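# Notes for the structure review
Take a look at the letters that make up each chain.
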Amino acid sequence: MTYAIKKDYDSQRDKWLVVLTGEIDISNAAGLKQELSDAYGEHAADMDVDISGISYIDSTGLGIIISLYGKMRESGNKIKLLNPRDNVKKLLKITQLDKVLC
Amino acid sequence: MLGGAEMNDHIKLVIPCKPEYVSTVRLMVSSVASRAGFNIEAIEDMKVAVSEACTNIINHSKLCGEDEYRVMCTRGTDRMEILVEDDGVGFDAVGRPEVEQGKISESGLGIFIIKALMDEAEVLSEEGCGTRFLMAKYLTVGEE
């Protein structure tokens, strides 16, 4: 169970561009939470997360995004999930997270 | 179990209560469901649902990593049933508040997802008596 993350801060647009690939579940979610929190701590800016390479995610992974969404919202920033695969899109839809995260 | 169709094959897994083995459970469920003739979408649903049950046990049963819990798939003629059970501390399943539709929350999301993805789902638990997640997916005509 692995994932990979690529984080780039675009200073001109004041925005994070994050690309996630792999699978996210309880075994690796804490590491991802730390990576995203560190990025936001470095530059408190909006975050676009390309998840086209995520083949599996469950409530633990979604919980991280929800947590970050709440934290960013408090400081006036947004996180967007881009290009989810059909199975991930289904999960976002049934939890209604698509309305705020996509 | 949840009742219904005639049952035949049982596939059981006893695993340590550790996060790194949840993917092993997914592999087993995926393999059995594929063998039973489910389509990719249904298999993905079952993988997520069983992972949510395992995650709930790891997070809330208060079992340690040396303890074990059990997963059993029952392949029936028109359905697949999945049982995930532990001997942990249990919880008040009846008095537990449901996740509100449209309200963004991390808490309770797992059980909400299980119920949304599976055709049948029950969570049976009492404080001090362990927890049992029972779920079923129907094999629809044309899938097999």
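Structural notes, computed from the coordinates. (Residues numbered from 1 in each chain as written. Chains lettered and ligands numbered in written order. Predicted model: local features only at pLDDT ≥ 70, side-chain atom pairs only at ≥ 80, totals over all residues.)

## As for the nonpolar core
Counting residues in each nonpolar core, the largest one holds 64 residues, and the members touching the most others are Ile65(A), Ala33(B), Ala49(B), Val50(B), Ile82(B), Val84(B) and Ile114(B). Leaving out residues up to four positions away in the same chain, Ile114(B) has contacts with Ala49(B), Glu52(B), Ala53(B), Ala121(B), Phe133(B) and Met135(B). (Core = buried A, V, L, I, M, F, W, Y, C linked by C-beta atoms within 7 Å. Buried ≥ 20, exposed ≤ 12 C-beta atoms within 10 Å, placed from the backbone. Contact = placed C-beta atoms within 7 Å.)

## Description of the interface of chain A and chain B
Across the contact, 18 residues belong to chain A and 18 residues belong to chain B. For the side of chain A that touches chain B, the secondary-structure elements that each account for two or more residues are α2 (59-74) and α3 (86-94) of chain A. Taken together, the residues of the side of chain A that touches chain B sort by class into eight nonpolar, eight polar and two charged. (Helix = DSSP H or I, 4+ residues; strand = E, 2+ residues; numbered from the N terminus. Nonpolar A, V, L, I, M, F, W, Y, C, P; charged D, E, K, R; others polar.)

## Comments concerning the environment of Cys17(B)
Residue and element names in this part refer to chain B. With respect to the helices and strands, the residue cysteine 17 is situated in the loop between β1 (7-16) and α1 (22-36). Overall, cysteine 17 belongs to the partly exposed group, with 19 C-beta atoms counted inside 10 Å. Put simply, cysteine 17 and tyrosine 69 are 52 residues apart on the chain and 6.4 Å apart in space, counted from C-alpha to C-alpha. In contact with cysteine 17, not counting residues within four places along its chain, are Ile57, Ile58, Ser61, Leu63, Cys64, Gly65, Asp67, Glu68 and Tyr69.

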